[in-house]
Amino acid sequence: MEQKNLIIGFEFNPKESQICYFDRMAKDAVSAEVKVGSSQYTFPTVLSKSLGKNEWHFGLEAEYFAEHQNGILIDQLYDLCADGDALVIDGQEYEPGVLLALYLKSALRMLGVTEPEKQVSGIMLTVPSLTRAFVDTIRFAYEKIGIPRSRCFLQDFDESFYNYVLYQKQELWSRNVGMFSFGGNEVTFKALVQDQRTKPVTVTVKQGKGRRLSVDPKRRDDEFYRLIEESFGNDVYSSVFLIGEGFDKNWAVRSVALLCRNRRHVFYGNNLYVKGACFAAHEKVEERRLKGYLFVGNALVRHNIGMDMMINGSPAYYAMIGAGVNWYEAAKDCELILDHAEELAFVVSNMEDGRRERYTMPLNELPKRPNKTTRLHLHLEYDSPKRCQITVEDLGFGEMFPGSGKVWHETMEG
């Protein structure tokens, strides 16, 4: 394996995580083995710290040191990152981003990466779902490792599902694609659906039903069979993926026959999300295989935000945030000079129907100055798919009209 210009996918889960790299010769994502020659690819999402020393271990090693060498086990790493909570370990407080950086750096060593800033040309971390705190923690960890922001990416499992499927042969996704996720006795369904009438082709993940299955093999098979029937309905599926622990061909006799009906392709494995993340990183860094497609996921911003203003003496629309990007990538900084105004008016247009609305933000207690001598700094940033935070700062105008330092905040919902 080449150990520079690596493209990496990383799946970060509450209990176990995994890592893979893109093999340019095979044009495929290859999972890293926990131990050379083993067929184990997942490793525990835990760290441990040696008592009184700045010595850390990760994964299986962390569990061993915690059990046999009096190490302090950090087994809630995922929750800390998702919530953005600091943790006191061995008398010292650690931010979750610092802990995640330690964990990521250790995982990268499995691929022979000792200098991430020099060896990694793209890395995509995928998690079940993203919060603002999670996004900030992941970005902090990337920065701590030393990989430039332009090479670091993140996405949720649904988008990794999309990237995985569309990197397969087209016959596997010519129609709908189904996925059953097992977690012990729980199973849930989701489907990847395309709308060929749009340009680009829009692809969505539709969440289906879930069910708790019996431990009795015969009843388990019958219950799963019924869930498959309900999930597929009259829709045509070209392939189905089964992931997670809890599925076994030994009990799934009738249900496997139903899955394979109508020449459907059926696959079972546990590395779909990590490989999807790897393909997504490859797509962003090196290839534009999916440029004719747009994934419309739950994280997508569906509104364009801009302003009508005078630019070089002529009225014009100034675009700030464009629809069709994930909320955690949607941000804008700019400066403007007020012209006979004590408020800001934003133009918000819907991605689907193009409908435009005006959103007015009053600037209460704005310092009184002659016209065109108030310069403002605007910062727009989404903290969820439907909520944009706007921060405006008064910069004044040179030495004659110094800035007041006044700051206005507004939350735009939509």
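Now for a look at the structure at hand. Every chain is numbered on its own, with residues counted from 1 as its sequence reads. Note on the predicted model: pLDDT of at least 70 is required for a residue's local features to be given, and 80 or more for side-chain atom pairs to be given and counted; whole-chain, interface and lining totals, by contrast, use all residues. Heavy atoms throughout the structure, all of them, feed into the side-chain values; hydrogens and water do not.

### Examining the overall build of the protein
Scanning the protein for helices and strands turns up 9 helices and 26 strands. In terms of its C-alpha atoms, the protein occupies a principal-axis envelope of roughly 80 × 60 × 40 Å. Exposed residues in this analysis have more than 50% of their type's maximum accessible area, buried residues have under 20%, and partly exposed residues fall in between, with area computed by a 1.4 Å probe over protein chains only. Out of the 414 residues belonging to the protein, those deemed buried represent 46%. Note on areas: these come from Shrake-Rupley sampling with a 1.4 Å probe, and a residue is covered only by the protein chains present in the view. Carbon and sulfur atoms make up 48% of the accessible area of the protein, which amounts to about 21000 Å² in all. When the 50 basic and 57 acidic side-chain charges of the protein are each reduced to a single mean position, those positions are 6 Å apart. Each helix is a run of DSSP H or I of at least 4 residues and each strand a run of E of at least 2, with the numbering of both proceeding from the N terminus. Positive charge is attributed to Lys and Arg, negative charge to Asp and Glu, and no charge count is given to His or to the chain ends. By convention, the charge on Lys lies at NZ, on Arg at CZ, on Asp at CG and on Glu at CD.

### Regarding the pairing of strand β21 (residues 343-350)
Of all 8 residues in β21, 6 are buried; the element is thus mostly enclosed. For two strands to pair, DSSP has to find at least two bridges joining them. Alignment of β21 against strand β22 (residues 356-362), held across 7 bridges, turns out to be antiparallel. Note that in β22 the partner of E343 across the bridge is P362.

### Focus on the packing of helix α3 (residues 96-109) against helix α5 (residues 132-145)
Two measures define how a pair of helices packs: the angle their axes make with one another and the distance between the axes. Taken N-terminus to C-terminus, the directions of α3 and α5 make an angle of 55°; their axes are 8 Å apart at the nearest point. When the axis of α3 is compared with that of α5, the two are oblique. The hand of the α3/α5 crossing is right-handed. Taking contact as the criterion, the partners of P96, G97, V98, L100, A101, L104, K105 and L108 in α3 are, on α5, T137, I138, F140, A141, Y142, K144 and I145. Throughout this entry, Asp, Glu, Lys and Arg are counted as charged residues, while Ala, Val, Leu, Ile, Met, Phe, Trp, Tyr, Cys and Pro are counted as nonpolar. The remaining residues, Gly among them, count as polar. When its residues are assigned to classes, the contact of α3 with α5 shows 11 nonpolar, 2 polar and 2 charged. Axes here mean lines fitted to C-alpha atoms, for a helix over just the part in contact, with angles spanning 0 to 180 degrees between N-to-C directions. Should an angle fall under 35 degrees it is taken as roughly parallel, and over 145 as roughly antiparallel, whereas 65 to 115 is taken as roughly perpendicular and any remaining angle as oblique. Should the near helix be turned anticlockwise from the far one by less than a right angle, the crossing is termed left-handed; should it be turned clockwise, right-handed. Whether two residues touch is decided by their heavy atoms; if any such pair falls within 4.5 Å, the residues are in contact.

### Topic: the sheet that holds β21
Taken in spatial order, the 4 strands make up an open sheet running β19-β18-β21-β22, and their pairing is antiparallel. Looking at strand neighbours, the two that pair on one side only are β19 (314-321) and β22, the edges of this open sheet. On average, adjacent strands in this sheet sit at an angle of 35° to one another, irrespective of strand direction.

### Structural notes on the state of the cysteines
Cysteine sulfurs are considered disulfide-paired once they come within 2.5 Å of each other. Taken as a whole, this structure holds 0 disulfides when the rule is applied. The structure places no disulfide on C334, whose sulfur is separated from the nearest cysteine sulfur, that of C388, by 11 Å. A relative accessible area of 10% means that C334 is categorised as buried. Judged by its relative accessible area of 1%, C388 falls in the buried class.

### Things to note about the sheet that holds strand β6 (residues 56-58)
Consider a sheet: its strands pair through backbone hydrogen bonds, and that pairing is either parallel or antiparallel. Spatial strand order, β6-β5-β7: 3 strands in an open sheet with antiparallel pairing. Looking at strand neighbours, the two that pair on one side only are β6 and β7 (72-74), the edges of this open sheet. Taking each pair of neighbouring strands and ignoring which way they run, the sheet shows an average axis angle of 25°. Two elements, strand β5 (residues 47-49) and β6, share 3 bridges in a ladder whose sense is antiparallel. Bridged to S48 within β6 is H57.

### Points about unusual backbone geometry
In this structure, the amide linkage connecting K199 to the following residue, P200, adopts the cis form with an omega of 0°. For P200, the location among the structural elements is in the loop between β13 (186-195) and β14 (201-212). Of note in the backbone geometry, N70 takes a positive phi value of approximately 60° without being a glycine. Summarising the element assignment, N70 is placed in the loop between α1 (59-68) and β7. With relative accessibility at 54%, the residue N70 sits in the exposed group. Unusually for a residue other than glycine, E365 sits at a positive phi of about 55°. Tracing the backbone through its elements, the reader meets E365 in the loop between β22 and β23 (375-384).

### Topic: the nonpolar core
Here the nonpolar core consists of buried residues drawn from Ala, Val, Leu, Ile, Met, Phe, Trp, Tyr and Cys, with membership extended through side-chain atoms lying within 4.5 Å. In this structure, F12, L344, F346 and L378 are the most contacted members of the largest nonpolar core, which totals 70 residues. A total of 7 residues in this core trace back to one element, the largest contributor, which is α3. When near neighbours in sequence (up to four residues on either side) are disregarded, L344 contacts M307, L336, L338, Y359, T360, M361, L363, L376, L378 and V392. In this structure, A29, V205, I243 and C278 belong to the second largest nonpolar core, which totals 32 residues.

### Quick look at α5
Helix span, expected: 1.5 Å multiplied by one less than the number of residues in the helix. A rise of 1.5 Å per residue sets the reference length of α5, with its 14 residues, at 20 Å; its end C-alpha atoms lie 20 Å apart and thus fit the reference within 8%. Contacts made by the buried residues of α5 are with α2 (77-83), α3, α4 (116-119), β10 (120-127), β11 (152-156) and β23. G146, located one to two residues past α5, shows a positive phi value of around 100°.

### A few points about the packing of aromatic side chains
Any two of the Phe, Tyr and Trp rings considered here, Trp counted by its six-membered ring, make a pair once their centres fall within 6.5 Å; the pair's planes then place it as stacked at under 30 degrees, edge-to-face at over 60, or tilted in between. For the structure on display, the rule yields 34 aromatic pairs. Ring centres of F10 and Y103 lie 6.2 Å apart, and the angle between their planes is 85°; on these two criteria the pair is classed as edge-to-face. Placement of F10 in strand β1 (residues 6-11) and of Y103 in helix α3 is noted, with a sequence separation of 93 residues between them. Each member of the pair, F10 as well as Y103, carries the same accessibility label: buried. For the pair F224 and W251, a centre-to-centre distance of 6.0 Å together with 70° between the ring planes defines the contact as edge-to-face. Taken together, the residues F224 in helix α7 (residues 217-232) and W251 in the loop between β15 (237-245) and α8 (253-259) connect sequence positions 27 residues apart. Each member of the pair F224 and W251 is classed as buried. Through a chain of ring-to-ring contacts, three or more aromatic side chains come together here, namely F180, F182, F189, F224, F232, Y237, F247, W251 and Y268. Think of it as a cone above the ring: NZ of Lys or CZ of Arg counts as a charge over the ring if it is within 6 Å of the ring centre and within 35 degrees of the ring normal. We note R254 situated over the ring of Y225; from NZ or CZ to the ring centre the distance is 3.9 Å. The ring centre of Y167 lies 4.0 Å from the NZ or CZ of R289, which sits over that ring.

Read these as layout, nothing more, since geometry by itself doesn't imply function.
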